[in-house]
Amino acid sequence: MGKKKFHLVVYPERCKECGICMAFCPQKNLAAGEDGRPVVINPEACTGCRQCEYYCPDFAIRIEQEDVE
Ligand code: SF4
Ligand code: SF4
């Protein structure tokens with residue numbers, strides 16, 4: 001079983017900067033960037049749980065999974 005890395009993809013035209021994703025991340029790993037949209041604080045700490053993706057009311061987040069050796 002290889003390791004997995006997760007990447008946060010935000011669609012800026014959909015994000016209304018409500019902060020819900022940041023509130024629901026169990027790792028407290030999302031913060032508001034300069035534009036108010038979510039940025040990952042520590043990429044290594046993202047577990048790929050996809051809570052941010054599920055809870056975003058505007059479907060503005062997608063988690064991409066990458067298999068790494
Ligand atoms: S996938 Fe989970 S751990 Fe990663 S940023 Fe989203 S809510 Fe946080
Ligand atoms: S929950 Fe969705 S709309 Fe709200 S800040 Fe996060 S990405 Fe943007």
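Just above, that's the structure.
Residues numbered from 1 in each chain as written. Chains lettered and ligands numbered in written order. Predicted model: local features only at pLDDT ≥ 70, side-chain atom pairs only at ≥ 80, totals over all residues.

Caption draft 1: Inspection of the site of ligand 1 at higher detail. Neighbouring residues of ligand 1: 15 residues in total, closest C25, C46, C49, Q51 and C52. Elements with a contribution of two residues or more to the shell around ligand 1: strand 1 (3-10) and helix 2 (51-55). Across the shell around ligand 1, the residue classes tally to nine nonpolar, five polar and one charged. (Near = placed C-beta within 6 Å. Helix = DSSP H or I, 4+ residues; strand = E, 2+ residues; numbered from the N terminus. Nonpolar A, V, L, I, M, F, W, Y, C, P; charged D, E, K, R; others polar.)

Caption draft 2: Up close: the site of ligand 2. For ligand 2, the set of nearby residues contains 14 residues, the closest of which are C15, C18, I20, C21 and C56. For the shell around ligand 2, the class distribution of residues is nine nonpolar, one polar and four charged.

Caption draft 3: Focus on unusual backbone geometry. Backbone geometry at K28 places phi at a positive 50°, although glycine is not the residue there. With respect to the element layout, K28 can be found in the loop between helix 1 (20-24) and strand 2 (30-32). Overall, the presence of 12 C-beta atoms within 10 Å leaves K28 in the exposed class. Unlike most non-glycine residues, F59 shows phi in positive territory, near 50°. With respect to the secondary-structure elements, F59 resides in the loop between helix 2 and strand 4 (61-68). Among the residues examined, F59 registers 10 C-beta atoms within 10 Å and is labelled exposed. (Buried ≥ 20, exposed ≤ 12 C-beta atoms within 10 Å, placed from the backbone.)

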